[in-house]
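Listed below are the residues making up each chain.
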Amino acid sequence: MNLTKLFKTQAALDEHIMQEHPELRGQNNLDWKLLALQVELGECANEWRGFKKWSKDQEPRIYKKETHYVDVPTDNPNWIERKDIGKVRNPLLEEYVDCLQFILTIGLEIGVEEEIDWEDITTDESNITRQFLEITERILELNQWENKDSWQELFEEFYLLGKLLGFTWEQIEAAYFEKNKVNHERQNAGY
């Protein structure tokens, strides 16, 4: 796993955000980034749904078709045909990647920019609920210690969550780069 490209990509987005929101320069942005990560983690858990023991619908939200139409001219100038150009989304993966973006920007905020020596990250844990709670604990520790070791522990627990949710690193990276494009477009549009 190589995070160098992800860090560089995230740094470019962070700089774009700073250009659009110059009031953020020169201040500590760690607090709101940690809170944003907690919110995104909650949204990820909500798409996973496994903790909703009161519900009969605990299936993860991994498939959603969005329908969008475009008007296509026809041979008859009085008629327009509507064509479905919808796409299929994976809301759970999208929320997971939103968390990843905040984990990376937090890493940049505290100076984790170089490649980290990763051992093979494995887990015997199969309890996804416990893994969400473990990540929450790592976020709180990072808030207290604000160092590279705390960040790495957070990242490792988060990566394990992705494995438990069934995501490959290739899927995660592809979704990350896709969402990064969306976030740049949002900044360009005054989001």
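Here, the structure is the one placed above.
None of these values were measured; they are calculated from a predicted model.

J.: Which residues make up the overall build of the chain, and what are the values?
T.: Assigned secondary structure in the chain consists of six helices and four strands. Mapped from its N terminus to its C terminus, the chain presents α and β elements in the order α-α-β-β-β-β-α-α-α-α. Residue pairs in contact within the chain that sit at least 24 positions apart in sequence constitute 73% of those at least 6 positions apart. For the chain, the accessible surface area stands at approximately 11400 Å², while carbon and sulfur atoms represent 49% of it.

J.: Tell me about a nonpolar patch on the surface, and name the residues and values.
T.: Together, I62, Y63 and V88 give the surface a local cluster of nonpolar side chains, amounting to about 330 Å² of exposed area. Counting through the fold element by element, I62 comes out in the loop between helix 2 (30–48) and strand 1 (64–66).

J.: Give a description of the pattern of salt bridges that names residues and reports values.
T.: All chains considered together, the criterion is met by ten salt bridges. We note a salt bridge from E134 to R138, for which the minimum N-O separation is 2.2 Å. Remark: R138 and E134 occur in helix 4 (residues 128–145); sequence separation between them is four residues, near one turn of the helix. By the burial criterion, E134 is buried, and R138 matches it.

J.: Please give an account of the packing of aromatic side chains that cites residues and values.
T.: Applying the stated criterion across every chain, the model contains nine aromatic pairs. Each ring, one from W151 and one from F155, has its centre 5.5 Å from the other, and the planes form 20 degrees; the classification is stacked. Of this pair, W151 and F155 are both found in helix 5 (residues 148–164), four residues apart, which corresponds to roughly one turn of the helix. Its relative accessible area of 0% is what places W151 among the buried residues. By relative accessible area, which is 1% here, F155 ends up buried. Here a set of aromatic residues connected by ring pairs shows up, and it is made of F7, W151, F155, Y159 and W169. If you follow R186 out to its NZ or CZ, it ends over the ring of Y191, 4.9 Å from the centre.

J.: Can you tell me about the side chain of S55, naming the residues and giving the values?
T.: In this structure, S55 sits in the loop between helix 2 and strand 1. Residue class for S55 comes out buried when judged on its relative accessible area of 18%.

J.: How would you summarise the environment of F132 if you had to cite specific residues and measurements?
T.: With respect to the secondary-structure elements, F132 resides in helix 4. We classify F132 as buried; its relative accessible area is 7%. For the pair F132 and L160, spaced 28 residues apart in sequence, the C-alpha to C-alpha distance is 10.0 Å. Residues contacting F132, with those up to four places away along its chain left out, are L41, C44, A45, W48 and L161.

J.: Account for the nonpolar core, naming residues and giving values.
T.: Counting 38 residues, the largest nonpolar core has Y96, L100, F132, W151, F155, L161 and L165 as the members making the most contacts within it. Every element with two or more residues in this core is listed here: helix 1 (4–20), helix 2, helix 3 (91–109), helix 4, helix 5 and helix 6 (169–188). The greatest single-element share of this core, amounting to ten residues, is contributed by helix 3. Those residues within four positions of L161 in sequence are excluded, and the remaining contacts are L41, Y96, I128, Q131, F132 and I135.

J.: Before we move on, can you summarise the environment of L133 with the specific residues and values?
T.: Tracing the backbone shows L133 in helix 4. For the pair L133 and L41, spaced 92 residues apart in sequence, the C-alpha to C-alpha distance is 9.9 Å.

J.: Describe the packing of helix 1 against helix 6, naming the residues involved and giving the relevant values.
T.: Across the interface, helix 1 lies against helix 6 with an axial gap of 10 Å and an inter-helix angle of 15 degrees. Here helix 1 lies roughly parallel to helix 6, going by the angle between them. Helix 1 and helix 6 meet at a crossing whose hand is left-handed. Contacts between helix 1 and helix 6 involve K5, L6, T9, Q10, A12, L13, H16, I17 and E20 from the former and W169, E173, Y176, F177, N180, N183, H184, Q187 and N188 from the latter. Among the residues making up the contact of helix 1 with helix 6, the classes are represented as seven nonpolar, eight polar and three charged.

Criteria and thresholds
Residues numbered from 1 in each chain as written. Predicted model: local features only at pLDDT ≥ 70, side-chain atom pairs only at ≥ 80, totals over all residues. Heavy atoms only, no water. Helix = DSSP H or I, 4+ residues; strand = E, 2+ residues; numbered from the N terminus. Contact = heavy atoms within 4.5 Å. Areas by Shrake-Rupley, 256 points an atom, 1.4 Å probe, with all protein chains shown as cover. Patch = residues over 30% accessible without salt bridge, like charges linked within 9 Å, V, L, I, M, F, W, Y side chains within 5 Å. Salt bridge = Lys/Arg side-chain N within 4 Å of Asp/Glu carboxyl O. Buried < 20%, exposed > 50% of the residue type's maximum accessible area, 1.4 Å probe, protein only. Phe/Tyr/Trp six-rings, centres within 6.5 Å; stacked < 30°, edge-to-face > 60°. Lys NZ or Arg CZ within 6 Å of the ring centre and 35° of its normal. Core = buried A, V, L, I, M, F, W, Y, C linked by side-chain atoms within 4.5 Å. Axes fitted to C-alpha atoms, helices over the stretch in contact; angles between N-to-C directions. Parallel < 35°, antiparallel > 145°, perpendicular 65-115°, else oblique. Left-handed = near helix turned anticlockwise from the far one by under 90°. Nonpolar A, V, L, I, M, F, W, Y, C, P; charged D, E, K, R; others polar.

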